[in-house]
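Close look at the chain arrangement
Here is what each chain is made of, one letter per residue.
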Amino acid sequence: MSLLVEDLTIARGGVRVLEGVSFTLPAGEALVLRGPNGIGKTTLLRTVAGLQPALSGRVEVDADSVAYAGHADGIKPTLSVVENLSFWAKVFGTEGIAPALEAFDLVALSDRPAGLLSAGQKRRLGLARLVLTGRSIWILDEPTVSLDRDAVAMFAKVVAGHLRSDGSALLASHIDLGLNDASVLDLSSYKAKPLNLNDFDEAFL
Amino acid sequence: MKALLIRDLRLAMRAGGGFGLGLVFFLIVVILVPFGVGPESTLLSAIAPGILWIGALLACLLSLDRVFALDWEDGSLDLLATSPLPMEAVVSVKALAHWLTTGLPLVLAAPVLGVLMNLPQEGYKPLILSLILGTPALSVIGTFGAALTVGLKRGGLLLSLLVLPLYVPTLIFGAEVARRGAVGLDMTTPLLMLAGITCGTIALLPFASAAVLKVNLR
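Please read these numbers as outputs of a predicted model, since none were measured by experiment.

What follows concerns the overall build of chain A. Of the regular secondary structure elements, chain A holds 5 helices and 8 strands. Listing every helix and strand of chain A by position from the N terminus yields β-β-β-α-β-β-α-α-α-β-α-β-β. The C-alpha extent of chain A, read off along each of the three principal axes, is 65 × 35 × 30 Å. Within the span of chain A, comprising 205 residues, buried residues form 49% of the whole. Considering only intrachain contacts with a sequence separation of at least 6, the fraction spanning at least 24 residues in chain A is 70%.

Of all the 11 residues making up helix 2 (residues 81-91) of chain A, 8 are buried; the element is thus mostly covered by neighbouring parts of the structure. Buried residues of helix 2 of chain A: V81, E83, N84, L85, F87, W88, A89 and V91 of chain A, and no others. Residues of helix 2 of chain A that are buried sit in contact with helix 3 (98-103) and helix 4 (119-133) of chain A together with helix 1 (2-13) and helix 5 (76-81) of chain B. Just beyond helix 2 of chain A, the residue with positive phi is G93 of chain A, at close to 65 degrees.

The subject of this paragraph is the pattern of salt bridges. Using the criterion set out here, one finds 16 salt bridges over all chains in the structure. Ionic pairing is found between R123 of chain A and D73 of chain A, a salt bridge with its closest N-O pair at 3.5 Å. Taken together, the positions of R123 of chain A in helix 4 and D73 of chain A in the loop between strand 5 (66-69) and helix 2 put the pair 50 residues apart, joining distant regions of the chain. Here R123 of chain A matches D73 of chain A in class, with each residue buried. The shortest N-O distance in the salt bridge between K76 of chain A and D71 of chain B comes to 2.5 Å.

Turning our attention to the packing of aromatic side chains. To describe a pair of aromatic rings, you give the distance between the ring centres and the angle between the ring planes. Inspection of every chain in the model, using the stated rule, returns 2 aromatic pairs over all chains. Taking the centre distance of 6.4 Å and the plane angle of 40 degrees together, the rings of W88 of chain A and F92 of chain A count as tilted. The exposure class of W88 of chain A is buried, given its relative accessible area of 3%. For F92 of chain A, a relative accessible area of 10% corresponds to the buried category. Taken together, the aromatic side chains of F87, W88 and F92 of chain A make up a single cluster linked through ring pairs. We note R7 of chain B situated over the ring of F87 of chain A; from NZ or CZ to the ring centre the distance is 4.4 Å.

With that out of the way, let us pick up the nonpolar core. Formed by 85 residues in total, the largest nonpolar core has its most connected members in F23, L44 and L170 of chain A together with F26 and F68 of chain B. Not counting chain neighbours up to four residues away, the residues in contact with F68 of chain B comprise L77, V91, K94, T143, A146, A147, V150 and L213 of chain B. Of all hydrophobic cores here, the second largest spans 35 residues; its members include I75, V81, L109 and W138 of chain A.

Turning next to the sheet that holds strand 3 (residues 30-34) of chain A. Residues and elements named next belong to chain A. Ordered in space as 5-6-7-3-8, the 5 strands form an open sheet in which the pairing is parallel. Each of the sheet's edge strands pairs with one partner strand only, and the pair in question is strand 5 and strand 8 (183-186). On average, adjacent strands in this sheet sit at an angle of 15 degrees to one another, irrespective of strand direction. Of the strand pairs in this sheet, strand 5 and strand 6 (residues 137-141) are connected by 4 bridges, and their pairing is parallel. In the strand pairing of strand 6, A67 is matched with W138. Relative to the sheet, helix 1 (residues 41-48) contacts strand 3, strand 5, strand 6 and strand 7 (168-172), its axis offset from that of strand 6 by approximately 155 degrees. Of the strands in this sheet, strand 3, strand 6 and strand 7 are in contact with helix 5 (residues 149-164), which crosses strand 7 at around 140 degrees.

Examined against the element boundaries, D74 of chain B turns out to sit in the loop between helix 4 (66-73) and helix 5. Polar contacts involving the side chain of D74 of chain B include one to the side chain of K76 of chain A, which spans 2.9 Å. If sequence neighbours within four positions are ignored, D74 of chain B has contacts with A72, D73, G74, I75 and K76 of chain A.

Right, let's talk about the confidence of the model for chain B for a bit. Residues and elements named next belong to chain B. Averaged over every residue, the pLDDT of chain B is 90; residues scoring 70 or more account for 100%. The lowest-confidence element of chain B is helix 1, averaging 84 in pLDDT; the highest-confidence one is helix 7 (residues 124-149), averaging 94. On the interface metric, ipTM, the complex scores 0.83, and its pTM is 0.88.

The next thing to look at is a nonpolar patch on the surface. Residue and element names in this part refer to chain B. A cluster of nonpolar side chains, contributed by V24, L27, I28, I31, L32, F35 and L116, occupies part of the molecular surface with about 660 Å² of accessible area. Its location among the elements puts F35 in helix 2 (residues 21-37). According to the relative accessible area criterion, F35 is exposed, its value standing at 68%.

Before going further, it helps to spend a moment on the interface of chain A and chain B. In this complex, chain A contributes 24 residues to the contact, which on the side of chain B involves 22 residues. Together chain A and chain B conceal approximately 2,000 Å² of surface at their shared face, both sides included; 65% is due to carbon and sulfur atoms. Among the residues of chain A in contact with chain B, L51, K76 and F87 of chain A are the three that bury the most area, contributing 28% of the side total. The interface formed by chain A and chain B includes 5 salt bridges.

Let us now look at the pairing of strand 2 (residues 15-25) of chain A. Residues and elements named next belong to chain A. Bridge analysis of strand 1 (residues 3-12) against strand 2 gives 7 bridges, and the strand direction is antiparallel. Across the sheet, the residue bridging to L8 is V21, located in strand 2. Adjacent in sequence and paired antiparallel, strand 1 and strand 2 are bridged by 2 residues, among which G13 carries a positive phi angle near 60 degrees.

With the exception of glycine, most residues fall at negative phi, and the peptide bonds are largely trans. All names here are of chain A. Notably, D105 is not glycine yet its phi reads approximately 55 degrees, a positive angle. Classification of D105 as partly exposed rests on a relative accessible area of 47%. Look at E142: it is not a glycine, yet its phi comes out positive at around 45 degrees. Topologically, E142 is positioned in the loop between strand 6 and helix 5.

Conventions adopted
Residues numbered from 1 in each chain as written. Chains lettered and ligands numbered in written order. Predicted model: local features only at pLDDT ≥ 70, side-chain atom pairs only at ≥ 80, totals over all residues. Heavy atoms only, no water. Helix = DSSP H or I, 4+ residues; strand = E, 2+ residues; numbered from the N terminus. Buried < 20%, exposed > 50% of the residue type's maximum accessible area, 1.4 Å probe, protein only. Contact = heavy atoms within 4.5 Å. Salt bridge = Lys/Arg side-chain N within 4 Å of Asp/Glu carboxyl O. Phe/Tyr/Trp six-rings, centres within 6.5 Å; stacked < 30°, edge-to-face > 60°. Lys NZ or Arg CZ within 6 Å of the ring centre and 35° of its normal. Core = buried A, V, L, I, M, F, W, Y, C linked by side-chain atoms within 4.5 Å. Pairing = 2+ DSSP bridges. Axes fitted to C-alpha atoms, helices over the stretch in contact; angles between N-to-C directions. Polar contact = N/O pair within 3.5 Å; in protein donor to acceptor, adjacent residues only side chain to side chain. pLDDT = per-residue confidence, 0-100. Patch = residues over 30% accessible without salt bridge, like charges linked within 9 Å, V, L, I, M, F, W, Y side chains within 5 Å. Areas by Shrake-Rupley, 256 points an atom, 1.4 Å probe, with all protein chains shown as cover. Buried area = accessible area lost by both parts, 1.4 Å probe.

Okay, structure coming up:
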């Protein structure tokens, strides 16, 4: 299962942000996206995950092998940790949430309503969902926000394990996760040039 | 799909889920009307089917903006869109969950409130029948409206304005069934129209809702 992105141009709110983005992500590897705020990391990840269409270019990926985790964790505050996780396990048709609970040290919090968790604990719960999906390509948008150093290490271990079992990960992150052989793609060089509007009439067409 | 339905029902039952909101609103409307209109029993039984239907419709409207708003806010909707569930299934389950938590309790409460409205004895069966047939259409149309306005802050007002005209045919034929039943007239035609509207909306609108939702998630 590999991911191929070719000559992709994407827009956010009708403004082109990135153009000519090309990369491949073979199984067993991780690719970290870097770039200043507003460069279009989230937009790129959402496009690859199939949540929004690209202006041009091509994303070649089996939609059934992608698991997406955005800024929001999709946690229901009135459901307990276990209820939240088992719902996603059922949706993705996988079984056994115990490994996910253990990987993110949530066992002690199993029966707590998710609304009472701290921000970092919520984030861990959101990331634990990824383990349950059983999908091979993880698309992660700033996964380490509000995690402490131990939790980041926990998360890095899970990602490393995922890569070893022939999965792959596409991340937007500023923190060095200490992943060996993770390649880095700096998006600054793909910044879209403003459209040439010298022709006055063109602005109205 | 079953998991999503169970989750939605569970969320509705827990604190802050909004279960019972529509029911209590229905109760308030129907209890207040006799006070406002006066204790004239002939007048009350004449307007009873219409008032009960309007009450049910408004109660349905009240809980619509919760259908997708909460899932959109906490990101669940993005995650559901990238899950193996087709979007059409997600909106259908949402509509079903809305009907089970709002429409069905209204149907069950209507006969009790019919007493307050001095509804003639032969009017009860047609009233329940028309509500059972009609409220699913209200939920499905409402889900479509909720899909249109998802992502808008305070979209409730726009949602009501969008959905209200779409509710009119259901209201006309639903109330007509109940009215004709109450005065002992033949009610086949409006009953068939009501059933047709419900079947049509259930068959077609989930596709429209799913398409609209995909656009709104961009």
